[in-house]
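Chain by chain, the residues run as shown.
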Amino acid sequence: MTLPTENITEEHSEYAVKSEQSPPPEGGGQPETPFRPIDYADLARSGLERGPAVIDGIQRQGSAGTLISSSKARKSWAVAALIAAVLEGTAWFGHKTTRGRVLLVDGELTLATIKWRLNRVFQAMGIGQVPPDRLHICCLRGRTREMPKAMHWARTRGPGYFASIIVDPLSCFYPSDPETAPFDENSNADMRRLMDDAITFAEDTRAALTIVHHASKGSQFEKAVIDVGSGAGALVRAVDAHLVFRPHREIDCVVLDGVVRDFPELLPTCYRWSFPLYIPAPELNPNDLAGRRPPRNQTQNSPGDGKSKPTPPTLDEFIMRYVSSTPKELAFIQAQARQSDLRPKTTEQLLREAVAVGKAFKITGKPGKPTSYTTARPSQMAFSLSP
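Residues numbered from 1 in each chain as written. Predicted model: local features only at pLDDT ≥ 70, side-chain atom pairs only at ≥ 80, totals over all residues. Heavy atoms only, no water.

Draft legend 1. Expanded view of the pairing of strand 13 (residues 253-260). Where burial is concerned, most of strand 13 is hidden: 7 out of the 8 residues are buried. Inspection of the sheet shows strand 12 (residues 241-247) paired to strand 13 by 7 bridges, in the antiparallel sense. What sits directly across from Val-244, in strand 13, is Asp-257. Hairpin connection between strand 12 and strand 13: a loop of 5 residues separates the two successive antiparallel strands, and Asp-252 in this loop has a positive phi of roughly 65 degrees. (Buried < 20%, exposed > 50% of the residue type's maximum accessible area, 1.4 Å probe, protein only. Helix = DSSP H or I, 4+ residues; strand = E, 2+ residues; numbered from the N terminus. Pairing = 2+ DSSP bridges.)

Draft legend 2. Inspection of the pattern of salt bridges at higher detail. This model, assessed by the stated rule, comprises 16 salt bridges. For Arg-155, the salt bridge is made with Asp-204, and the minimal N-O distance between the two is 2.9 Å. Of this pair, Arg-155 sits in helix 4 (residues 147-156) while Asp-204 sits in helix 5 (residues 188-205); the two residues are 49 residues apart in sequence, bridging distant segments of the chain. In this structure Arg-155 comes out as partly exposed when scored by relative accessible area, which is 31%. Between Arg-249 and Asp-288 there is a salt bridge, and its shortest N-O distance comes to 3.6 Å. Taken together, the residues span a long stretch of sequence, with Arg-249 in the loop between strand 12 and strand 13 and Asp-288 in the loop between strand 15 (277-280) and helix 7 (315-322) at a distance of 39 residues. When its relative accessible area of 15% is taken as the criterion, Asp-288 is described as buried. When salt bridges that share partners are traced, they join Glu-250, Arg-272, Glu-283, Glu-317 and Arg-321 into one network. (Salt bridge = Lys/Arg side-chain N within 4 Å of Asp/Glu carboxyl O.)

Draft legend 3. Structural view of the environment of Ala-80. Along the polypeptide, Ala-80 turns up in helix 2 (residues 75-88). Once the C-alpha coordinates of Ala-80 and Pro-276 are considered, the two residues, 196 residues apart in sequence, prove to be 9.5 Å apart. Discounting residues that sit within four places of it in the chain, Ala-80 has contacts with Leu-118 and Val-121. (Contact = heavy atoms within 4.5 Å.)

Draft legend 4. The arrangement of empty space enclosed by the protein in detail. Under the definition given, this model contains 2 cavities of 30 Å³ or more. Taken as a whole, the largest cavity spans an internal volume of roughly 80 Å³. Residue lining of the largest cavity: Ser-76, Val-79, Ala-80, Ile-83, Leu-104, Asp-106, Leu-109, Ile-114, Arg-117, Leu-118 and Asp-168, and that is the complete set. Contributing elements (two or more residues each) for the lining of the largest cavity: helix 2, strand 8 (102-106) and helix 3 (111-124). The element contributing the most residues to the lining of the largest cavity is helix 2, with 4 residues. Residue composition of the lining of the largest cavity, grouped by class: 7 nonpolar, 1 polar and 3 charged. Lining the second largest cavity are Ile-55, Ile-58, Gln-59, Gly-65, Thr-66, Leu-67, Leu-82, Trp-92, Thr-210, Ala-241 and Leu-243. Going through the elements one at a time, strand 5 (64-69) and strand 12 are the ones with two or more residues in the lining of the second largest cavity. Among the elements that make up the lining of the second largest cavity, the one with the highest residue count is strand 5 (3 residues). Its residues assigned to classes, the lining of the second largest cavity comprises 7 nonpolar, 4 polar and no charged. (1 Å grid on protein atoms, 1.4 Å probe; cavity = no way out; pocket = protein on both sides within 12 Å on 5 of 7 lines; lining within 4 Å. Points joined across faces, edges and corners; volume = space filled by probe spheres on them. Nonpolar A, V, L, I, M, F, W, Y, C, P; charged D, E, K, R; others polar.)

Okay, structure coming up:
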């Protein structure tokens, strides 16, 4: 499904919280605007519906969500993968996305670093050149005080123009002048007002707003999902989706967990880092978080090594983990599979079996070009990002 460029959601401002002006106060000045709630009978007749899913199972159009993990935990790489997924309408961490435009507001990385990381992720996911007016980037490194300008520009594009808006990190929303607008990250009142601005921004743009934030200091395995995140708890209570990356006991692996307001409950899932992407690691136990002691009866290869012997994947499991509809080079598939202790020769054998039974297709490039594999028939592949 593709989001149109025009405003796709009917505005229901007449059904919002209503107000009516009071007479001017004695001595002049502006009249007060009393609060008046909506009558449910009016709401029932309004035809107001929830927006379509932008990240299925996580966020809808016009919603706000958070993505939280510890510092230097490759959050920005996960963000780059989200950008690529929305541009193509493919899955992100197992969740289908709606194809549309993306706006990235980044307050930490340089433009050169953003470009390099996006290019690496696009290449790994088989995405070619991105056409104009599909991906916009506001680099606020050293200029986070200009966040209001970035928000104003996004609003001028019109509701529904962007499918996804990503703000990395949350501190981009912090007041630019702490003397005139004091802000305490640990104050629920301050955080609630901050998130009111973010939620209004999401509603005005009708985009799925994803805000990247850092986890609190210390070990995260003993904390509930809603307690992972630095600052006041009002942050989590305000958003519609709260996603958390926590380190797994196995090195270079994470557990993705979260709570969502508008979808069925999320189940924790494991992913293994294989530059430049996280890949599914279904062989891992999501309860084995880093810092948590393994059970006494856990099976181990040898005393003290702390690692369970991996179970070789079936052919279907291998295809699901390592082969996709976008072509991947043989060396890239082997590098991913090696993270699960699959030898390159075993990977090549499984790929040959997949091709033999018609579950994968081999793409042989021109002389000197690497061989790639895909689950899509070559005649059906299309990588154009044009509308």
